[in-house]
Amino acid sequence: MKYQPARHIFGQTLPTLLVAALLAAGCESRNDATGLSVIPDYTKVTTETATLPLSYSTISAGSLGGRLTGETTPDGMTLNNIFVNSGYAYIGSIPNEEYGEVKSEYLTQFYVPKGFKFTKEVYKDKIDSVFLTLYYSGYTGDGAQPMEVKAYKLKKTPPMGDKYSLGDISAYTDGAELIGQVSYTAASGNGKTETSTTIRIPISKSFGQEIYDRSRKGDPVFASQEAFNAYFPGVYLKNGAGKGSILRVARTALTFYYQTKNAAYDPAKPKEGVKEYITGVQELSHTGEVPQASRYGNYDLDKLTSASASESGYSYIKAPAGVFTEVTIPTTRLAGLLKPEPGIVKALNSAPLTVVGEPNEANAYLLNAPSYLLLLPRDSVQHFFESEFTELNTRLTAYVSTTTIAGSATYTFGNIAPLLSEHVKAKPSEDLHVVLIPVERTIPSERSGSSGSAQKISTSISNQILPAAVKFRKDGDINKALSIVITRRKDGAAF
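Because the structure is a prediction, the values reported are computed rather than measured.

(A) Quick peek at the overall build of the protein. Each helix and strand in the protein was counted, giving 9 helices and 30 strands. When each of the 495 residues of the protein is scored for burial, the buried share is 44%. When contacts within the protein are restricted to residue pairs at least 6 apart in sequence, those whose partners lie at least 24 apart make up 79%. Of the roughly 25,000 Å² of accessible surface on the protein, a fraction of 52% belongs to carbon and sulfur atoms.

(B) Geometry of the side chain of Thr-260. Considering the arrangement of structural elements, one finds Thr-260 in strand E15 (residues 245-261). Given a relative accessible area of 5%, Thr-260 falls into the buried group. Separated by 2.7 Å, the side chain of Thr-260 and the backbone oxygen of Glu-121 make a polar contact. Contacts of Thr-260, omitting those with residues within four sequence positions, involve Lys-120, Glu-121, Tyr-123, Glu-276, Tyr-277, Ile-278 and Gly-280.

(C) Inspection of the sheet that holds strand E20 (residues 344-350) at higher detail. With antiparallel pairing, 3 strands are arranged side by side in an open sheet as E3-E30-E20. Sheet topology places strand E3 (46-53) and E20 at the edges, where each strand pairs with a single neighbour. The sheet shows a mean angle of 30° between the axes of neighbouring strands, direction not considered. Each of E20 and strand E30 (481-490) is contacted by helix H9 (residues 417-426), which is oriented at about 140° to E20, the strand it contacts most.

(D) Region of interest: helix H3 (residues 205-216). Over its 12 residues, H3 extends 17 Å from the first C-alpha to the last, a length consistent with the 16 Å expected when each residue adds 1.5 Å. After H3 finishes, the residue Gly-218 shows a positive phi value of roughly 70°.

(E) Region of the structure containing the packing of aromatic side chains. Scanning all chains against the criterion turns up 19 aromatic pairs. Ring centres 6.0 Å apart and planes at 85° place the aromatic pair Tyr-99 and Tyr-316 in the edge-to-face group. On the criterion of sequence distance, the pair formed by Tyr-99 in the loop between strand E7 (89-94) and strand E8 (102-108) and Tyr-316 in strand E18 (residues 314-319) is long-range, its members being 217 residues apart. Its relative accessible area of 0% is what places Tyr-99 among the buried residues.

(F) Just the environment of Ala-398, in detail. Residue position: Ala-398 is located in the loop between helix H8 (381-386) and strand E23 (399-400). For Ala-398, a relative accessible area of 4% translates into the label buried. Along the sequence, Ala-398 and Pro-377 sit 21 residues apart, while their C-alpha atoms lie 7.9 Å from each other. For Ala-398, the residues in contact, after removing those within four places along its chain, are Leu-374, Leu-375, Leu-376, Phe-384 and Glu-391.

(G) Geometry of unusual backbone geometry. Cis peptide bonds are those with omega within 30 degrees of zero, and the linkage from Ala-319 to Pro-320 qualifies with 0°. For Pro-320, the location among the structural elements is in the loop between E18 and strand E19 (323-329). With a phi close to 60°, Asp-300 is a non-glycine residue in the positive phi region. Locating Asp-300 in the fold gives a position in the loop between strand E17 (292-299) and helix H5 (302-305). For Asp-300, a relative accessible area of 40% corresponds to the partly exposed category.

(H) Focus on the pairing of strand E25 (residues 432-442). With 9 of its 11 residues buried, E25 lies for the most part within the structure. With 5 bridges joining them, E19 and E25 adopt antiparallel strand pairing. Looking across to E25, one finds that Thr-328 is bridged to His-433. The pairing of strand E22 (residues 372-377) with E25 spans 6 bridges and is antiparallel. Across the sheet, Leu-373 pairs through a bridge with Pro-438, a residue of E25. Where E25 meets strand E28 (residues 460-463), 4 bridges bridge the pair, whose relative direction is antiparallel. Each residue of the ladder has a partner; that of Glu-440, found in E28, is Ser-462.

The rules behind these values
- Residues numbered from 1 in each chain as written.
- Predicted model: local features only at pLDDT ≥ 70, side-chain atom pairs only at ≥ 80, totals over all residues.
- Heavy atoms only, no water.
- Helix = DSSP H or I, 4+ residues; strand = E, 2+ residues; numbered from the N terminus.
- Buried < 20%, exposed > 50% of the residue type's maximum accessible area, 1.4 Å probe, protein only.
- Contact = heavy atoms within 4.5 Å.
- Areas by Shrake-Rupley, 256 points an atom, 1.4 Å probe, with all protein chains shown as cover.
- Polar contact = N/O pair within 3.5 Å; in protein donor to acceptor, adjacent residues only side chain to side chain.
- Pairing = 2+ DSSP bridges.
- Axes fitted to C-alpha atoms, helices over the stretch in contact; angles between N-to-C directions.
- Expected span 1.5 Å × (residues − 1).
- Phe/Tyr/Trp six-rings, centres within 6.5 Å; stacked < 30°, edge-to-face > 60°.

In structure tokens form, the structure reads like this:
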């Protein structure tokens, strides 16, 4: 084939002209904002920032559901109902000048297996001693202060399955027989086991002997739990004297001591130091199969809820069953900011909330700030606790705080934009009222969040019962406003 030279146009080869055309096109697109003109308008997002002023108030813990709000005993103790899904019991009293005294007490029953018998042979069929034993795993307050606990035999069994704290307990305790009392200090109790500190309340040995004799004879009182309840309805444990600490009781038991044969003893081969008889122990304990009910009282709550307290510039939280802080977020103003415009789509993108508490006055009866606060809309608090939800059940409405410094009173709830957006959709003409509630969490494990950082997951959330308190300044710069970010884009879609 004969070679053909390239064609020339006005003295230029065709490939040269193509390169020049491409270069010219590139120069034109650089003049057009690097080609952004080809991006659809509906994908271009702009942002605007705003602030929503926050207002704070102090409300009674009993005003959020339950059956009891602000009942006052003759000695001036205020009782509020709260939902309790904890197996612990609490007993004691702590005074506090700023927040007022807090007191805890409880009623409990003991589980008895059908046909109950003592598991070991009792020497001479004689019981040596009987104690009502409180096994506690911790306390709050001044552990060196002398305290006293009193135990009464109940007139009837506490209610089963009712998880609200108690108010009037006269039906169970009026005329109840005092069966024992003892002094102790929370730091050391008056007894020890390998795993617990204990309070041992001595009760009549004759009661223990009667229990043993009845069990040995197969008495009908051990035919069922109901039969035993009729015979021994349970005990009421209250602070008898002293103020300074509250115990967290993991287990309550009737403990019987007696002498029993030592399996290591061989009369044919006497061994030095090996006794023929040693102390045996038998217990009847409270378990989840039988009822336990608590009562939490607060003194001087009016100092935190009165008009003068409101004018002090603070809102308050006091646990247990005391007061909570309510925060009003002006979502009606947010609804105005999100009001639709022709051809424009708006959305709330970010609303990170952090509240900062004031340090409590340091003294022997210091009430520590709660470890966690739960943020919930006021009208959903009762349902949340009664349903035993966690933040995983209510992703749009429940937020558990995190703290950056252990023991601090700074609570970060993260981005609450989903909650605000949902409220604006449902009730655009009503401001949102949320409540900050002190809670305890169970977190058995961690898992990785979408960002790759460790995210703590609650498997249970309950009202905090161990005493705690914190206050928030309402008129300072820190807590006064919520900063938000709103996104805007033109309406449209790809298809």
